[in-house]
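Coordinates in review
Next come the chains, spelled out residue by residue.
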Amino acid sequence: MLQFLTSFPSLLHSAVIFGTVIMLGALGEILAEKGGNLNLGVPGIMYFGGIAGLASTFMYENVYCANAGKTPSVVICVVLCLVCSFAAAAFGGLIFSVLTTTLRANQNVTGLTITILGSGVGNFFGGSLNKLAGGVGQVSVETTSKAFRAYVAPLVTSLDSVTGKLGLGTLLFSYGFLTYVAIVIAIVLWYFFKKTRTGLCLRSVGENPGTADAAGISVTKYKYLSTIIGAGISGLGGTYYVMVYIRGTWENQKTIESLGWLAVALVIFATWKPIRSIWGAYLFGVLYWAYFYIPNLTRSSQEIFKMIPYIVTLGVLLMVSFRRKKEDQPPASLGQSYFREER
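Residues numbered from 1 in each chain as written. Predicted model: local features only at pLDDT ≥ 70, side-chain atom pairs only at ≥ 80, totals over all residues. Heavy atoms only, no water.

1. A short note on the packing of aromatic side chains
Applying the stated criterion across every chain, the model contains 13 aromatic pairs. Both rings, one in Phe 18 and one in Tyr 288, keep their centres 4.6 Å apart while their planes meet at 15 degrees; by these two values the pair is stacked. With Phe 18 in helix α2 (residues 8-34) and Tyr 288 in helix α14 (residues 274-289), the pair connects residues that are 270 residues apart, well separated along the chain. Pair check on accessibility: Phe 18 and Tyr 288 agree, each one buried. Ring pairs connect the aromatic residues Phe 18, Tyr 241, Tyr 245, Tyr 288 and Trp 289, which therefore count as one cluster. Lying over the aromatic face of Phe 193, Lys 34 brings its terminal NZ or CZ to 5.5 Å of the ring centre. (Phe/Tyr/Trp six-rings, centres within 6.5 Å; stacked < 30°, edge-to-face > 60°. Helix = DSSP H or I, 4+ residues; strand = E, 2+ residues; numbered from the N terminus. Buried < 20%, exposed > 50% of the residue type's maximum accessible area, 1.4 Å probe, protein only. Lys NZ or Arg CZ within 6 Å of the ring centre and 35° of its normal.)

Dropping the structure here:
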């Protein structure tokens, strides 16, 4: 027990990094679901974002700059990675939108199809990059990965020296910029949903598209934009995993897929509220990694600990179902195709 308490700051640090991956995935899905689209393709969307960010920077760092004898530009690396990641993930959201909003395909089936497609595309191009780099595990975009993991070391060191064993500097400020961007996105989405006219229109589309349509709100436009932009945000979760979590390489162990499903679970845990997704993501991180800091656990006990975030989500889902509080319920038309002629 004493060993667990002394290692708790390290556990929290790992939880923040882990939680940021699923937070970005969940925030994008919250935006899509507020518009009434249930996109179960989040894992595939994260694959799109991760492989696009990695492939673009790999071609820039290890092909273009290497052949030209140039030093990779940090700014170009970061911007190229973010733009390609967001664009590829948004394209996945566009595919989902065309199938479900325009062609009115079943949203559950379409989302699962996007997940399978994203996994296949990611692992195909990931394998191709491995082959191009000289073998499995040889892919590396060191400049880009370091840029995503960079932090202000003097600030961390000085605060650690003041707080001692608490290590508040390491706990609060030893993360890359995308960690704080994720928190900002959550706050911006909260403000957007609660305080802006456009956000209220989007929520009305998710609650009752027929009434929104009768009020002159373009249901198709809001569904398309919320799903496409939400997919782009979720794709940044895949980028964060590739560039920060595994430090600029690629693996074919389907970890992104499992984290994508955990992001979907976080949406339910946060009851479709962006602010709740912040502490919910970090709580999931603590629960997921707690076994690593508890000594003498058996293999089966470790697997039980990995199940805890999903068990907690089921508990929250049951609690929300029994309480029936309006503000904790999903959008009323979530997952339902809108037929204007049936209005």
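2. Remarks on unusual backbone geometry
One non-glycine residue, Arg 247, adopts positive backbone phi at about 60 degrees. Locating Arg 247 in the fold gives a position in the loop between α12 (219-245) and α13 (255-269). Phi is positive for Trp 272, which is not a glycine, with a value near 60 degrees. With respect to the helices and strands, Trp 272 occurs in the loop between α13 and α14.

3. What about the pattern of salt bridges?
The final tally for this structure, using the stated rule, is one salt bridge. Residue Glu 142 is joined to Lys 146 by a salt bridge in which the shortest nitrogen-to-oxygen separation is 3.0 Å. Of this pair, Glu 142 and Lys 146 both sit in helix α6 (residues 142-149), four residues apart, roughly one helical turn. (Salt bridge = Lys/Arg side-chain N within 4 Å of Asp/Glu carboxyl O.)

4. Here's the deal with the environment of Thr 179
Its place among the elements puts Thr 179 in helix α9 (residues 177-195). Its relative accessible area of 1% is what places Thr 179 among the buried residues. For the pair formed by Thr 179 and Ser 226, sequence separation is 47 residues and the distance between their alpha carbons is 22 Å. Discounting residues that sit within four places of it in the chain, Thr 179 has contacts with Val 16, Thr 20, Tyr 240 and Tyr 282. (Contact = heavy atoms within 4.5 Å.)

Function-wise, these values are silent; they only describe arrangement.
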